[in-house]
Amino acid sequence: MPGADGRPCWQGSYAGSDEEQILAWLGEVTGQPELVSGGWPDALTSGVALCELANALRPKTIPKKKISRSPKPFPQRENIRGFIEAARQFGVEDRDNFDTDDLFEAKNLSQVVLCCRALGRAAYSVEGYAGPCLGKKPAAAA
């Protein structure tokens, strides 16, 4: 279902929990639904899907050579840190962002949801991005 500006959005057009909507949006934006096949939060823990999301919103936000597909914890944490910085660049405020341990150690998954939703709204303002956004367009982006 398109939003007021004609761009597709998930809010109101996709049934499910916040987590399910975020995973569906991530799969749609990246064009790689297999990235989220592990479900919430497992699909995000390596940080790869989040890095791919950042690069789908703005290509080369996180250089491909910096995205590690290693199963080891340190590279996965680096992926998550790269996404957190990208979210800041896209306009997600620090109060809406999360810390690496919030996701990697599952210490505060509700903060991860908050960040992803904030990023979905910030996507309306990403220059050059014309794909689906998550939620209503913020007034500042109108």
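These figures come from a predicted structure and were not determined experimentally.

Trainee: Explain the overall build of the protein residue by residue, including any values.
Mentor: The helix and strand inventory of the protein stands at 6 helices and 0 strands. Counting from the amino terminus, helix and strand elements in the protein follow one another as α-α-α-α-α-α. In the protein, buried positions account for 48% of the 142 residues.

Trainee: Kindly report on helix α1 (residues 18–30), identifying the contributing residues and their values.
Mentor: With 13 residues, α1 extends 18 Å between its outermost C-alpha atoms, agreeing within 8% with the 18 Å of an ideal straight helix rising 1.5 Å per residue. Of the surrounding elements, those touching the buried residues of α1 are α2 (42–45), α3 (48–57) and α6 (109–122).

Trainee: Any chance you could break down the pattern of salt bridges for me, citing the residues and the numbers?
Mentor: A pair can form between side chains of opposite charge whenever their charged atoms are brought close. With the rule as written, the count across this model stands at 9 salt bridges. With a closest N to O distance of 2.6 Å, arginine 77 and aspartate 101 form a salt bridge. Of this pair, arginine 77 sits in helix α4 (residues 73–89) while aspartate 101 sits in helix α5 (residues 100–104); the two residues are 24 residues apart in sequence, bridging distant segments of the chain. The class for aspartate 101 is partly exposed, based on a relative accessible area of 29%. With its nearest N and O atoms 3.3 Å apart, the salt bridge here joins arginine 95 to glutamate 93.

Trainee: Which residues make up the environment of glycine 39, and what are the values?
Mentor: Residue position: glycine 39 is located in the loop between α1 and α2. Residues glycine 39 and leucine 23, spaced 16 residues apart in sequence, show a C-alpha to C-alpha distance of 7.6 Å.

Trainee: If you had to explain the packing of α1 against α3 to someone new, which residues and values would you point to?
Mentor: When two helices pack together, their arrangement is captured by the angle between the axes and the distance separating the axes. Two numbers describe how α1 lies on α3: the axes approach to 9 Å, and their chain directions differ by 55 degrees. By the criterion of interaxial angle, the relationship of α1 to α3 is oblique. As α1 packs across α3, the resulting crossing turns out to be left-handed. Side by side, α1 and α3 meet where Trp25, Leu26, Val29 and Thr30 of the first sit next to Ala49, Leu50, Glu52, Leu53, Ala56 and Leu57 of the second. Residues that form the contact of α1 with α3 fall into these classes: 8 nonpolar, 1 polar and 1 charged.

Trainee: Any details on the side chain of threonine 61? Residues and values, ideally.
Mentor: If you trace the backbone, threonine 61 turns up in the loop between α3 and α4. For threonine 61, a relative accessible area of 17% puts it in the buried group. Within the structure, the side chain of threonine 61 is placed 2.5 Å from the backbone oxygen of arginine 58, a separation counted as a polar contact. Not counting residues within four places of it along the chain, the set of residues in contact with threonine 61 comprises Ala54, Asn55, Ala86, Gln89 and Phe90.

Trainee: For the environment of serine 125, give the residues involved together with the corresponding values.
Mentor: With respect to the helices and strands, the residue serine 125 is situated in the segment after α6. Residues serine 125 and lysine 137, 12 residues apart in the sequence, show an inter-C-alpha distance of 8.9 Å.

Trainee: Residue-level account of the nonpolar core, with values.
Mentor: One recurring pattern in soluble globular proteins is that nonpolar side chains are buried together. Counting residues in each nonpolar core, the largest one holds 41 residues, and the members touching the most others are Leu44, Leu53, Leu57, Phe98 and Leu119. Counting only elements with at least two residues in this core, the list comes to α1, α2, α3, α4, α5 and α6. Apart from the residues within four sequence positions on either side, leucine 119 is in contact with Trp25, Leu53, Leu57, Phe83, Phe90 and Val92.

Rules and cut-offs
- Residues numbered from 1 in each chain as written.
- Predicted model: local features only at pLDDT ≥ 70, side-chain atom pairs only at ≥ 80, totals over all residues.
- Heavy atoms only, no water.
- Helix = DSSP H or I, 4+ residues; strand = E, 2+ residues; numbered from the N terminus.
- Buried < 20%, exposed > 50% of the residue type's maximum accessible area, 1.4 Å probe, protein only.
- Expected span 1.5 Å × (residues − 1).
- Contact = heavy atoms within 4.5 Å.
- Salt bridge = Lys/Arg side-chain N within 4 Å of Asp/Glu carboxyl O.
- Axes fitted to C-alpha atoms, helices over the stretch in contact; angles between N-to-C directions.
- Parallel < 35°, antiparallel > 145°, perpendicular 65-115°, else oblique.
- Left-handed = near helix turned anticlockwise from the far one by under 90°.
- Nonpolar A, V, L, I, M, F, W, Y, C, P; charged D, E, K, R; others polar.
- Polar contact = N/O pair within 3.5 Å; in protein donor to acceptor, adjacent residues only side chain to side chain.
- Core = buried A, V, L, I, M, F, W, Y, C linked by side-chain atoms within 4.5 Å.

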